[in-house]
Amino acid sequence: MRIAEWIQATIAPPIVDIYALARQYDRPGQPLINMGQGIPDMMPPAPCLAALADRLADPALHRYGPDQGLPELREALAADYRRRLGVRLDPEREIIITAGANHGFVLALLALVQPGERVVLGAPYYFNHLMALQLLGMTGVEWPLTVRGDRFVLDLDGLAPRLAAGAAGVVCVNPNNPTGAVFGAEDMSGVMAACVRRGVPLFYDEVYSLIAFGEEPAGHPYAFAGGREHTIILGSFSKLFGLTGWRVGYIIAPPPVVEQMMKAQDTTVICAPVAGQALAAECLRRCPDYPAAYCRELGRRVRRLSAAVCDIPALTWREPAGALFTMLPYRHPEPSRQLAARLVREAGVMVIPGAAFGASGEGHLRISFGSSDEATIAEAGRRLARFFTEDRNRSDRNRTAAPGAGGRQAEDLGVGGAPGDADPC
Ligand SMILES: Cc1ncc(COP(=O)(O)O)c(C=O)c1O
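Residues numbered from 1 in each chain as written. Predicted model: local features only at pLDDT ≥ 70, side-chain atom pairs only at ≥ 80, totals over all residues. Heavy atoms only, no water.

### Some words on a nonpolar patch on the surface
- A cluster of nonpolar side chains, namely Ile3, Ile7 and Leu135, defines an oily patch on the protein surface of about 280 Å² accessible area.
- Topologically, Leu135 is positioned in helix α6 (residues 127–135). (Patch = residues over 30% accessible without salt bridge, like charges linked within 9 Å, V, L, I, M, F, W, Y side chains within 5 Å. Areas by Shrake-Rupley, 256 points an atom, 1.4 Å probe, with all protein chains shown as cover. Salt bridge = Lys/Arg side-chain N within 4 Å of Asp/Glu carboxyl O. Helix = DSSP H or I, 4+ residues; strand = E, 2+ residues; numbered from the N terminus.)

The structure is reproduced here in structure tokens:
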């Protein structure tokens, strides 16, 4: 059977690869520490689960629902937007409930980008965004973040030339996966202005919208001139309420775009899982501030991780302000895929190689603190410290044994932080 070219040219899902490797790790007494995938470890709020349980005998929960999503969820989302951002949405014309934000991105691309066109991806990018583009015969153009102090920031000067070269849209994830950066109002106004000037859509992924623990809130595109007309919001309940398995997200877009996207919605899923939609509506109505408590816990984990990393000279700290991740440059000669595989096998710690997030991710490791408590993070820190120390000692011994041979240092290879990067450790 012939396999279509576009799917063959699409990259393989990196998480699947790293899980396959993790399954081979088997050391009694030392379980693998999973700091790979971005899964929050909290349960959905208990009162909302109880409310859902009370509704399970309702036949409507087990049948197709309206294509666009349950009205109660669209209305709850509109009410949440009004409360938090002062934005009035029309739940009838501006919102579609999707089977998660990944599904939403595919609908958005089908509606707004033609096969063969290019889309700018803030990079390191979320790999499923690149995969969606590739599957649809489109191309991703990397727009690398830059580093200020110990944080990743947007490089606004780098955006205009990429748009001028004919890109059909821009993808921005805020708070950011994989770096944990949060882009504030000043940055987002620059991105929005660039999109409005070129008349192209901003695909704004706000999957981690309420998961922020830094001082500066994320800048929302609707706050800027032309933002509402030029933005497709891609959101999700996965990370905010611990609902990753229910597959419920949303799109907010201008009505004419929503109208067209409904063709793709009906063809791909008909409607998002109905019981999951009911649970998401319960969460928004009953426990809108639930993510805030989880953020306080995440803040403690970040401090624990930062202390552990500061004791490891091979790693450079990057301060996350949101999402579930930090992305650390390393000083080590191996490419990130090789290094991450060895960390699973030899240290029992699973992280995601930076190369999975594009060329600008190479030389980094993405570490998730979404599903490891403080004690587990401390243990992961000890294992990483041991690994890098032993590795360093081994290469020192090899260099002494064979001067001039195999003694090339990580620093020589230029991987890791850019020259002049401030490392607060
Ligand atoms: C940036 C980003 N967008 C989208 C998704 C997928 O979200 P959902 O579960 O709603 O499909 C993820 C999941 O990790 C993500 O990190």
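### Brief notes about the sheet that holds strand β13 (residues 352–353)
- The strand order across the open sheet formed by three strands is β11-β14-β13, and the pairing between neighbours is antiparallel. A single partner strand is all that each edge strand has here, and the edge strands are β11 (325–329) and β13.
- The pairing of β11 with strand β14 (residues 364–368) spans five bridges and is classified as antiparallel. Note on β14: the bridge partner recorded for Leu328 is Leu365.
- Strand contacts of helix α13 (residues 336–347): β13 and β14, with the helix running at about 45° to β14, the strand carrying the most contacts. (Pairing = 2+ DSSP bridges. Contact = heavy atoms within 4.5 Å. Axes fitted to C-alpha atoms, helices over the stretch in contact; angles between N-to-C directions.)

### Notes on the environment of Leu32
- One can find Leu32 in the loop between α2 (14–24) and β1 (33–34).
- Expressed as a C-alpha distance, the spacing of Leu32 and Ala22, which sit 10 residues apart in the sequence, is 7.6 Å.
- Filtering out sequence-adjacent residues up to four positions away, Leu32 remains in contact with Ala22, Tyr25, Val344, Gly348, Val349, Met350 and Arg383.

### A short note on the packing of helix α5 (residues 101–112) against helix α10 (residues 255–268)
- The N-to-C vectors of α5 and α10 enclose an angle of 125°; their axes lie 9 Å apart at closest approach. On the basis of the axis angle, α5 is oblique to α10. Handedness of the crossing formed by α5 with α10: right-handed. Across from His103, Leu107, Ala108, Leu110, Ala111 and Leu112 in α5, the residues of α10 making contact are Val257, Met261, Ala264, Gln265 and Thr268.
- Its residues assigned to classes, the contact of α5 with α10 comprises eight nonpolar, three polar and no charged. (Parallel < 35°, antiparallel > 145°, perpendicular 65-115°, else oblique. Left-handed = near helix turned anticlockwise from the far one by under 90°. Nonpolar A, V, L, I, M, F, W, Y, C, P; charged D, E, K, R; others polar.)

### Considerations on the confidence of the model for the chain
- With 94% of its residues at a pLDDT of 70 or more, the chain has an overall mean of 93.
- Long-range and interchain partners of residues 404–420, a stretch whose pLDDT sits below 50, account for 21 contacts in this model, where long-range means more than four residues apart. (pLDDT = per-residue confidence, 0-100.)

### Focus: the environment of Ala160
- When you line up the elements, Ala160 lands in helix α7 (residues 159–164).
- Taking C-alpha positions, Ala160 is 6.6 Å from Ala194, a pair spaced 34 residues apart along the chain.

### Comments concerning the domain arrangement of the chain
- Taken domain by domain, the chain comprises domain 1 (5–43 + 291–395) and domain 2 (47–286).
- Its C-alpha centre places domain 1 at a distance of 26 Å from the equivalent point of domain 2.
- Between domain 1 and domain 2, the residue contacts involve 40 residues of the former and 38 residues of the latter.
- Viewed at the interface, domain 2 and domain 1 are joined by zero salt bridges.
- Taken together, the connections running from domain 1 to domain 2 amount to 12 residue pairs in polar contact (both at pLDDT 80 or more).
- Elements supplying a minimum of two residues to the side of domain 1 that touches domain 2: α1 (5–8), α2, α12 (290–310), β11 and β14.
- The greatest single-element share of the side of domain 1 that touches domain 2, amounting to six residues, is contributed by α12. (Domains from an automatic or database assignment. Polar contact = N/O pair within 3.5 Å; in protein donor to acceptor, adjacent residues only side chain to side chain.)

### Considerations on empty space enclosed by the protein
- Taken as a whole, this structure holds two cavities of 30 Å³ or more when the rule is applied.
- In this structure, the largest cavity occupies an estimated 60 Å³ of space.
- Taken together, 13 residues form the lining of the largest cavity, with Gly122, Val171, Cys172, Val173 and Asn176 sitting closest to its centre.
- The biggest single contributor to the lining of the largest cavity is strand β7 (residues 170–173), with three residues.
- Its residues placed into classes, the lining of the largest cavity shows 10 nonpolar, three polar and no charged. (1 Å grid on protein atoms, 1.4 Å probe; cavity = no way out; pocket = protein on both sides within 12 Å on 5 of 7 lines; lining within 4 Å. Points joined across faces, edges and corners; volume = space filled by probe spheres on them.)

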